[in-house]
Amino acid sequence: VKFDRGPDGLMTLYRNDPYRFIQEVCRLDPPVTSACSIVKANFVAPEVGTVVVGSYQQYVVSIANRDPEVFPDPNLFDPTRPNLSKSLSWNGQAFGADESQYPRICPGRYLSRDIIRIIVGIALGVHPSP
């Protein structure tokens, strides 16, 4: 991961929008990096060969968040990315405008994000202690 701003610049980014800062952290290092399923029909996977019914398959979604076609300079930590909502998680799009389109959501995601914001804010001295 590359940081093109010093500590003061990162603090400014955090103060300006802690939620986007947290989203960018999750884009680069998501809390859930992969998902598994059971193959329901045989298929041929490149460089693997035939995958048969009943096999387990794992999807590593975290690497998709470093696709340079989606995120220019994908290893740069940049919470100001205009397309940050295109980050992927185990459930598909991680942070989108229309969550009603998701097949399922994590019921604790907003609580988790708020807890992170408060803990980091206290550690950085930008949020009052409870």
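Residues numbered from 1 in each chain as written. Predicted model: local features only at pLDDT ≥ 70, side-chain atom pairs only at ≥ 80, totals over all residues. Heavy atoms only, no water.

**Brief notes about helix α2 (residues 18–28)**
In plain terms, the rule: We call a residue buried when its accessible area falls under 20% of the maximum for its residue type, exposed when it is over 50%, and partly exposed in between, using a 1.4 Å probe and counting protein chains only. Working definition: helices are DSSP H or I runs of at least four residues, strands are E runs of at least two. Numbering for both runs from the N terminus. The contact criterion used is simple: two residues touch if any of their non-hydrogen atoms lie within 4.5 Å.
In terms of residue burial, α2 counts as a mostly covered element, since eight of its 11 residues are buried. Those residues of α2 that sit buried are P18, F21, I22, Q23, E24, C26, R27 and L28. Check the buried side of α2 and you find it contacts α1 (7–16) and α3 (109–124).

**Description of the confidence of the model for the protein**
In plain terms, the rule: Scored from 0 to 100, pLDDT records how confident the predictor is in each individual residue.
Averaged over every residue, the pLDDT of the protein is 83; the share at 70 or more is 85%. Predicted confidence in the protein is weakest over strand β6 (residues 92–93), with a mean pLDDT of 62, and strongest over strand β3 (residues 49–51), with 93.

**Let's talk about the packing of α2 against α3**
In plain terms, the rule: All axes are obtained by fitting lines to C-alpha atoms, using only the stretch in contact for helices, and the reported angles, taken between N-to-C directions, cover 0 to 180 degrees. The labels follow the angle: roughly parallel below 35 degrees, roughly antiparallel above 145, roughly perpendicular from 65 to 115, and oblique for the rest. Under the convention adopted here, Pro, Cys and the residues Ala, Val, Leu, Ile, Met, Phe, Trp and Tyr are nonpolar, Asp, Glu, Lys and Arg are charged, and Gly plus all remaining residues are polar.
The geometry of α2 relative to α3 is characterised by a closest axis approach of 10 Å and an angle of 105° between their N-to-C directions. Looking at the two axes, α2 sits roughly perpendicular to α3. Residues P18, Y19, I22 and Q23 of α2 touch α3, and the partners they reach there are R113, D114, I116 and R117. Looking at the contact of α2 with α3, its residues break down into four nonpolar, one polar and three charged.

**Some remarks on the pattern of salt bridges**
Where we set the bar: Definition used for salt bridges: Asp or Glu carboxyl oxygen within 4 Å of a side-chain nitrogen of Lys or Arg.
Per the stated rule, a full pass over the model turns up three salt bridges. Of the charged contacts, one joins R27 and E24 as a salt bridge, the two residues approaching to 2.7 Å between their closest N and O atoms. Of this pair, R27 and E24 both sit in helix α2, three residues apart, roughly one helical turn. Among the residues examined, R27 registers a relative accessible area of 0% and is labelled buried.

**Some words on α1**
Owing to its 3.6 residues per turn, the α-helix aligns residues three or four sequence positions apart on the same side. Note the following rule: The directions from the helix axis to the C-beta atoms form the arc being described.
The complete set of buried residues in α1 reads M11, L13 and Y14. Buried residues of α1, viewed axially, fall in a sector of 160°; they line one side. Exposed side chains of α1 directed beyond 90 degrees from the buried face belong to D8, R15 and N16. At its buried positions, α1 is contacted by α2 and α3.

**Some points on the nonpolar core**
Rules: Definition of nonpolar core: a set of buried residues of the types Ala, Val, Leu, Ile, Met, Phe, Trp, Tyr and Cys, connected through side-chain atoms within 4.5 Å.
Within the largest apolar cluster, five residues are counted, these being L13, Y14, F21, L28 and F77. Elements with a contribution of two residues or more to this core: α1 and α2. When near neighbours in sequence (up to four residues on either side) are disregarded, L13 contacts R5, F21, P79 and T80.

**Considering the environment of L13**
Within the element layout of this structure, L13 appears in helix α1. Judged by its relative accessible area of 11%, L13 is buried. Taking the C-alpha atoms as reference points, L13 and P79, separated by 66 residues in sequence, lie 7.3 Å from one another.

**Notes on the environment of D78**
Structurally, the position occupied by D78 is in the loop between β4 (56–60) and β5 (88–89). Along the chain, D78 and F21 lie 57 residues apart, while their C-alpha atoms are 8.0 Å from each other. Once residues lying within four places of it in the same chain are set aside, the contact partners of D78 are R5 and E24.

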